[in-house]
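One-letter residues, chain by chain:
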Amino acid sequence: MAIHILGIRHHGPGSARNVKAFLEDLQPDIVLIEGPPEADEILQWATHTDLQPPVAILAYQADDIQHSAFYPFAEFSPEWQAIQYAKKANIHTRFMDLPLAHHFAIEQEERNKTATEAPAAPPTGDEESLPDLSPIQSNSTDLENELVQEVVLDPISHLAKAAGFGDGEKWWEHTFENRVANEGVFTAVNEAMAALREHLPSKNERREQLREAWMRKTIRQAEKEMFQNIAVICGAWHAPALTNMPKQKEDNELMKGLPKVKVECTWIPWTYGRLSFYSGYGAGIQSPGWYEHIWHYPKDDGTRWMAKVAKLFRQQQMDTSVAHVIEAVRLAGALASLRHLSRAGLEELNEATLSVLCNGETVLLDLIQSELIVSNKIGTVPLEIPKPPLQLDIEKQQKKLRLPPTADWKDYMLDLRKENDLERSVFLHRLQLLHIRWGQKSQVSGKGTFKEQWRLQWDPSLAIDIIEKGTWGNTAAVAATKFIIHQVEEAPSLQAICNLLEETIPAELPEAVEVLIRQINNMSAASGDVIQLMEVIPPLVNVSRYGNVRKTDAEMVTGIVTGMVTRICVGLPNACTAVADDAAAHLLDLFFSMNEAVNLLQVEEVTNQWQATLQLVSGNNHIAPVIGGYATRLLSDYKILDGERLVTAFSFSMSNAPAMSAAWLEGFLKGSGTLLLIDNELWSVVNNWVDGLEADIFTQVLPLLRRTFANFTSPERRKLGEKARQQQTGAAPAKQAVENFDPERARKGIPVVMQLLGLPFNPDSKEIIP
């Protein structure tokens, strides 16, 4: 009976190559792999033709779906190659890490304990942020403490520094991943990790000890089942702990009484961009595209990689010759030699690329980073894999509507007059209602509501949200409907309900819309708060805009709006009296939104009620001046108050106390000062009022006037300034131009103008020659 411990680096192409070669040569009876035992049942899908890496095992707590973990695999992951070999050779395969059922339960206990404990005393500055490691730390200098902390976080860095490397990742890559042949590499890894664990502080957390104890338990179980040739694939750090096993009794004592929860697993697509996330077995890489390259081309001296870079640049319309590629490869090789490396790595190739192909422009290196070094590759998962019904429905809709999940951003401009685009929009809006943030909706320029622009980017973590929302229904439509109805029951205000209705209408969920409208009708009928009703009118009017485009019945919404406007018009005059400045400013914004909503609704009954209310507000002396001024302005826009009547009302309001007059003027000019430019009578009233102010009074009202005119556009302010200057000088521009005209100077320019026009000219006769 033989046990072979293969210490690897997760997602290491060299480790994957060595594992594959070792297993093919060894031909073991069983392969034990670091990973969650709960996922053993779904390993049967590993050789399915439609399961293409990068993929990940998603494991989640059944009663707390957000409590989850991902175990990603790329084609160059040693675990993936071990699984592929075992399944194709039809030998036993098992995961041997600490079950997530215990892992999640321990984390849950720790969270509960932290929540119930009293807040800790503030740090004094002498404590270390890391756990107590050993007596070495307490007696060491600051520099030694820094080294200890670094080693705890990355033990490999100690070996890397001893070998003259700046970081552990680069040392491991050049020492192990770049090896082409299996030259006793696993023995070397085991010895190196044993030395580190013996002489340096280990990651001595209880959970780490539990993981290694469970791995040993799994190995012992395989021995009991009489497997003669056992291959164990684990992270390099764990290799010594599995080689030199303590007594079984010690492990059993350590694992005694572990808590447990229910865990479920499935396969999901993964992306290269997310391989850098430290999840599951706590490993990530920063250059998956580069690792895929050296997996497929282990003996590449940089030529193939530089050819990829050249191809990328040519696709971006950048001239890149073969000579550039050759010189870059030579430079990378020379850098590797100077650094005493066996071959050029990614760092050397990047430096050569920056110098030769990019001409020192780091922006171009960013392009290589995103397109080649990381890449936007996304894996695929078969539809037949057991999944929650909601996830299956979403995947079917994606396929039907030709909306494939992609790792990079993809933009869609939807024309809602087309059936397929309308279905796409409905589907995306339903996902938004379920808080599945696959797409971001953008504003579209132009008139009409028949266009929508979406930007989509799939994130593997969305699988968690999908599984969580699957408790509301088996399809996106059913789940969204039930989820909205649930939110209606817990909505805190009428405004929240109206906003929810605005979001629900585009999703075409008639049952949910009916519940929302009924709730809005009940809450608005019981509400006597005019301000609250004014706040919800604009979103309700926006809802009615979708009536024709989305083939939904908006008459119910229009009926509710009509009733709410009636209640607003009855109570608004009283709501505008005796209000503070801050409340008046808020009310002014509501007036603005309310007026836009009434104009957009285009219902004659509503418009008439609104105009009658504006007349009451404008003629009431007890109304806040800024509100009265804006009401007067709206009456002017509706042509109800114009000509001499408007000038009279304006003059009367400007004859009040200066502060009140300034506030009234601010409301009257809200949004635009064009009226002062085109109506000379109103301009004269304002100008005479300003001229008549005493110096101290003018100083008091100046901030109000400045705030009023600051809201105008730059052209409006410039023209108003010109008009004020003309008023002061008393001369019109045309008249000034005539008075300043110099005939002799103009005559000197005539020959030049005639030459530019190509016409003959006799300067003596001063006439044009025909």
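The structure we're discussing is the one just above.
Cut-off values and rules
- Residues numbered from 1 in each chain as written.
- Predicted model: local features only at pLDDT ≥ 70, side-chain atom pairs only at ≥ 80, totals over all residues.
- Heavy atoms only, no water.
- Helix = DSSP H or I, 4+ residues; strand = E, 2+ residues; numbered from the N terminus.
- Expected span 1.5 Å × (residues − 1).
- Buried < 20%, exposed > 50% of the residue type's maximum accessible area, 1.4 Å probe, protein only.
- Arc of directions from axis to C-beta.
- Contact = heavy atoms within 4.5 Å.
- Phe/Tyr/Trp six-rings, centres within 6.5 Å; stacked < 30°, edge-to-face > 60°.
- Lys NZ or Arg CZ within 6 Å of the ring centre and 35° of its normal.

## Examining helix α13 (residues 303–315)
Thought 1: Given a rise of 1.5 Å per residue, 13 residues ought to cover 18 Å, and the 18 Å separating the end C-alpha atoms of α13 matches this to within 8%.
Thought 2: Every buried residue of α13 is accounted for by W305, M306, V309, A310, L312 and F313. Down the axis, α13 shows its buried residues gathered within 160° of arc, on one side only. Residues K311 and Q315 are exposed on α13 and point more than 90 degrees away from its buried face.
Thought 3: The inward-facing, buried residues of α13 contact α12 (288–296), α14 (322–338), α15 (346–357) and α16 (362–374).
Thought 4: Immediately beyond the C-terminal end of α13, within one or two residues, lies Q317, with a positive phi of roughly 60°.

## Remarks on unusual backbone geometry
Thought 1: Following P53, the chain continues to P54 via a peptide bond in cis, the omega torsion being 10°.
Thought 2: Mapped onto the secondary structure, P54 falls in the loop between β2 (30–33) and β3 (55–61).
Thought 3: The residue Q27 is not glycine, and still its phi comes out positive at about 55°.
Thought 4: Inspection of the secondary structure assignment puts Q27 in the loop between α1 (13–26) and β2.
Thought 5: Given the relative accessible area of 56%, Q27 is considered exposed.
Thought 6: Even without a glycine there, the phi angle at N90 is positive, about 60°.
Thought 7: Inspection of the secondary structure assignment puts N90 in the loop between α2 (78–88) and β5 (92–95).

## Brief notes about the packing of aromatic side chains
Thought 1: Tallied over the entire structure, the rule returns 13 aromatic pairs.
Thought 2: With 5.7 Å between their ring centres and 85° between their planes, F22 and F186 make a pair best called edge-to-face. Note that F22 is positioned in helix α1 and F186 in helix α8 (residues 185–199), a separation of 164 residues in sequence.
Thought 3: Residue class for F22 comes out partly exposed when judged on its relative accessible area of 22%.
Thought 4: A relative accessible area of 7% means that F186 is categorised as buried.
Thought 5: Its guanidinium or amino end placed over the ring of W214, K217 lies 4.1 Å from that ring's centre, counting from NZ or CZ.
Thought 6: If you follow K469 out to its NZ or CZ, it ends over the ring of F483, 5.5 Å from the centre.

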